[in-house]
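What follows is the residue order along each chain.
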Amino acid sequence: MKTIDNNTKTPVKVRLKPDVKALFSIIDSNNSGYITPDQLWQSLEKRGILRTDYRLRNIHKNLSSTSSGSEKKISLKQFEESIYPNTIVKKALTGDLIISDFSSFTQDMCAIFKETKKNSNGKVADYIPQLARVDADKFGFSVCTVDGQSFNYGDAKELFCLQSSCKPINYCIVHDALGEEKVHQHIGREPSGRSFNEMALNKDGLPHNPLINSGAIMSCALLKPELDMSDRFDHVLKTWEDLSGGIKPSFNNSVYLSERKTADRNFALAYFMSESDAFPENTNLVETLEFYFQCCSIEVTASAMANAASTLANGGMQPQTGQQIFDPNTVKNCLSLMNSCGMYDFSGEFSFTIGFPAKSGVSGALLIVIPNVMGIAIWSPRLDEHGNSVRGVEFCKKLTEQFNFHNYDNLVNNGSKKDPRKRKFETKIDNVLALIWAAAQGDLDEVKRLEALGVDLNAADYDGRTAMHLAASEGELEVVRYLVSKKAKISLKDRWGTVPLKDAERGNYEEIVSFFKQRMLRVNA
Ligand code: GLU
């Protein structure tokens, strides 16, 4: 709620103490005096907190110890004492999570999904039989916000292999272990401007960046080289599990075997780098390549990948478990690279028009990060000529058209895109209040700016007071004239039945009074 601070004359936020009983009765929709666990889970799920969420574990424990049987009931007292105090429950029920109107947001996402599903252009990757055989029509997406709100849709629980989407995570692992300087002694950080597996190195004889094949092979060479191959691979698997909030990844051995068998280009790249002395000393080339193929063959679901992406969106801390997995600086560097190099030869165009960090893979995977807001994973196997998922890219285009997710959208702020971070009605209420306030202050520029944003000049606050009422009450003739010139109404009544003319009379603003009277005569004539 906003009120006016008399000293500064600016609106200030007032924190209200939530009424737990009222929140309980929202869940207890038929007023029975108790709620069932299912009602509780459903109401949390609507807000993006799934019943499997790690942060609800104590509630599960409490419920199973205090009541038994299928007819479990939770009284208001029990709710107040052992459920509501849980931080995530409290935040969800009071609308304090990053996307407070989560169900509207996910409905919008589903509408985008359905539109995008109509697109069956592109072809699945066919350089190995395992990818060629994947059902081309599969399509799923998942979202996980920085507050751990989750939503899965379509084929979001089916496994697909990471392929190139393993690259940003391996980069983060080595960056965390070795630091920026050491990593970038072996890998550049420029878009290559060439195809992802082209035989090209930068002027220092290094791979251009960690998100193309040569750079990803180099990340593998740098990744825990002191350990056995099995432990190095376990380390990558465990990192994915942690990033996903405990969902164990899988491994597709046939993909691995096929990758290894058709790897001439990757072998050539490795020897090319070896020739220019790019690898750290004692690198075993064959082991490094096999390690890279193994990482590409790890399988995850969109649901797990979205959780991993949300960890990046959250500066390296897994939102559901609270585990700090990567250093924020590592994540910052990784996202910068995803922004400039994550989408093969479409990276520049993607960053220009869509404008958020993403990494695709030839399995049709797309790992997306909206920094400080959410991670998204999309899986749809048909690829365009660049190797990006056709539906994945279309989904992103629609997403950025509707929501202010482009990196630089905050510079434009023309009100044409939705901001899901805002509470339901918040933008609307803020704009109406701002308009009324600007009118009362005689700030014509601000009135014009808000009008340009699409704010209705006849919009009223809860008491039915409009900009015209306020301008008349405060004697702001210029604003009154402007509003009238823009066809704002002078006859609207507030909740006490007062019209703006009456306000002007009360304040003895003669010029406004006669202006209104003339208008009325003209209208009635
Ligand atoms: N396994 C693929 C390769 O190295 C990765 C392809 C990709 O997703 O870009 O050729």
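Structure: see above.
Cut-off values and rules
- Residues numbered from 1 in each chain as written.
- Predicted model: local features only at pLDDT ≥ 70, side-chain atom pairs only at ≥ 80, totals over all residues.
- Heavy atoms only, no water.
- Phe/Tyr/Trp six-rings, centres within 6.5 Å; stacked < 30°, edge-to-face > 60°.
- Helix = DSSP H or I, 4+ residues; strand = E, 2+ residues; numbered from the N terminus.
- Buried < 20%, exposed > 50% of the residue type's maximum accessible area, 1.4 Å probe, protein only.
- Lys NZ or Arg CZ within 6 Å of the ring centre and 35° of its normal.
- Near = heavy atom within 4 Å.
- Polar contact = N/O pair within 3.5 Å; in protein donor to acceptor, adjacent residues only side chain to side chain.
- Nonpolar A, V, L, I, M, F, W, Y, C, P; charged D, E, K, R; others polar.

(A) Focus on the packing of aromatic side chains. A complete count under the given rule lists 21 aromatic pairs for this structure. On the basis of an interplanar angle of 65 degrees and a centroid distance of 6.5 Å, the ring pair of Phe-105 and Phe-405 is categorised as edge-to-face. In this pair, Phe-105 is assigned in helix H6 (residues 102–117) and Phe-405 in the loop between helix H18 (390–402) and helix H19 (409–412), connecting sequence segments 300 residues apart. Of the two residues, Phe-105 and Phe-405, both sit in the buried class. When the ring of Phe-403 is compared with that of Phe-405, the centres are 5.4 Å apart and the planes differ by 20 degrees; the resulting orientation is stacked. Comparing Phe-403 with Phe-405 shows no difference in burial state: the two are buried. The positively charged end of Arg-57 is found above the aromatic ring belonging to Tyr-54, 4.0 Å away from the centroid. Taking NZ or CZ as reference, Lys-359 lies 4.3 Å from the ring centre of Tyr-344, over its face.

(B) Representation of the environment of Leu-162 within the structure. Locating Leu-162 in the fold gives a position in the loop between strand E7 (160–161) and helix H8 (167–178). Along the primary structure Leu-162 and Gln-324 are separated by 162 residues, whereas in three dimensions their C-alpha atoms are 23 Å apart.

(C) Broad picture of the site of the ligand. Of all residues adjacent to the ligand, which total 13 residues, the nearest are Gln-163, Ser-164, Glu-259, Tyr-292 and Tyr-344. Contact between the ligand and Asn-266: an oxygen atom at 3.1 Å from a side-chain N or O atom of the residue. Among the residues making up the shell around the ligand, the classes are represented as 6 nonpolar, 5 polar and 2 charged.

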